[in-house]
Amino acid sequence: MVGVGIFLLLLALWLGGMGLADQKALWWRFQARRFSDPEANEPSEAGYRGRRILLLSCAVAMVAMAVWWFTGIDYIESGGLED
């Protein structure tokens with residue numbers, strides 16, 4: 001059961017790292033080669049900013065889910081009942 005929480009934390013680290021990385025460099029490295037004129041298809045600065053915000057928000061959500069998962073494990077293992 002702890003493996004799911006660890007997976008969520010690792011996913012949060014990856015998403016946070018991708019969010020903190022240079023979005024323009026990532027686009028030119030992985031997406032630009034799909035287009036015959038990459039400069040005409042490059043996202044705007046707002047697009048890069050939106051992707052960064054989305055990735056960091058997903059990382060925060062994964063951390064929150066991992067915390068919820070680990071506190072749920074403690075509750076189940078203690079045998080506690082809801083009031």
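Residues numbered from 1 in each chain as written. Predicted model: local features only at pLDDT ≥ 70, side-chain atom pairs only at ≥ 80, totals over all residues. Heavy atoms only, no water.

J.: Give a description of the nonpolar core that names residues and reports values.
T.: Core analysis: the biggest nonpolar cluster contains 7 residues, these being L8, A12, L15, L55, A59, M62 and A66. Put simply, the parts of the chain that give this core at least two residues each are α1 (2-20) and α4 (45-78). Those residues within four positions of L55 in sequence are excluded, and the remaining contacts are L15, M18, G19 and Q23. (Core = buried A, V, L, I, M, F, W, Y, C linked by side-chain atoms within 4.5 Å. Buried < 20%, exposed > 50% of the residue type's maximum accessible area, 1.4 Å probe, protein only. Helix = DSSP H or I, 4+ residues; strand = E, 2+ residues; numbered from the N terminus. Contact = heavy atoms within 4.5 Å.)

J.: Requested: an account of the packing of aromatic side chains, with residues and values cited.
T.: By the definition in use, this model includes 2 aromatic pairs. Centroid distance W27 to W28: 5.2 Å. Interplanar angle 85°. Geometry classified as edge-to-face. Overall, W28 belongs to the partly exposed group, its relative accessible area being 36%. Among the aromatic residues, ring-to-ring pairing joins W27, W28 and F35 into one connected group. (Phe/Tyr/Trp six-rings, centres within 6.5 Å; stacked < 30°, edge-to-face > 60°.)

J.: Residue-level account of α1, with values.
T.: Between the first and last C-alpha of α1 there are 27 Å, a value that for 19 residues agrees with the 27 Å anticipated at 1.5 Å per step. If you check which residues of α1 are buried, you get G5, L8, A12, L15, G16 and G19. Viewed along the axis of α1, the buried residues span an arc of 100°, placing them on a single side of the element. In this structure, α1 carries G3, F7, L10, L13 and W14 as exposed residues pointing more than 90 degrees from its buried face. (Expected span 1.5 Å × (residues − 1). Arc of directions from axis to C-beta.)

J.: Can you break down the pattern of salt bridges residue by residue, with the values?
T.: Going through the model one piece at a time under the given rule, you end up with 2 salt bridges. For E42, the salt bridge goes to K24, with nearest N and O atoms at 3.9 Å. Here E42, found in the loop between α3 (38-41) and α4, pairs with K24, found in helix α2 (residues 23-30); they are 18 residues apart in sequence, far enough to count as distant. The exposure class assigned to E42 is partly exposed, which follows from its relative accessible area of 24%. For K24, a relative accessible area of 35% translates into the label partly exposed. (Salt bridge = Lys/Arg side-chain N within 4 Å of Asp/Glu carboxyl O.)

Everything listed is a geometric property; what it means functionally is a separate question.
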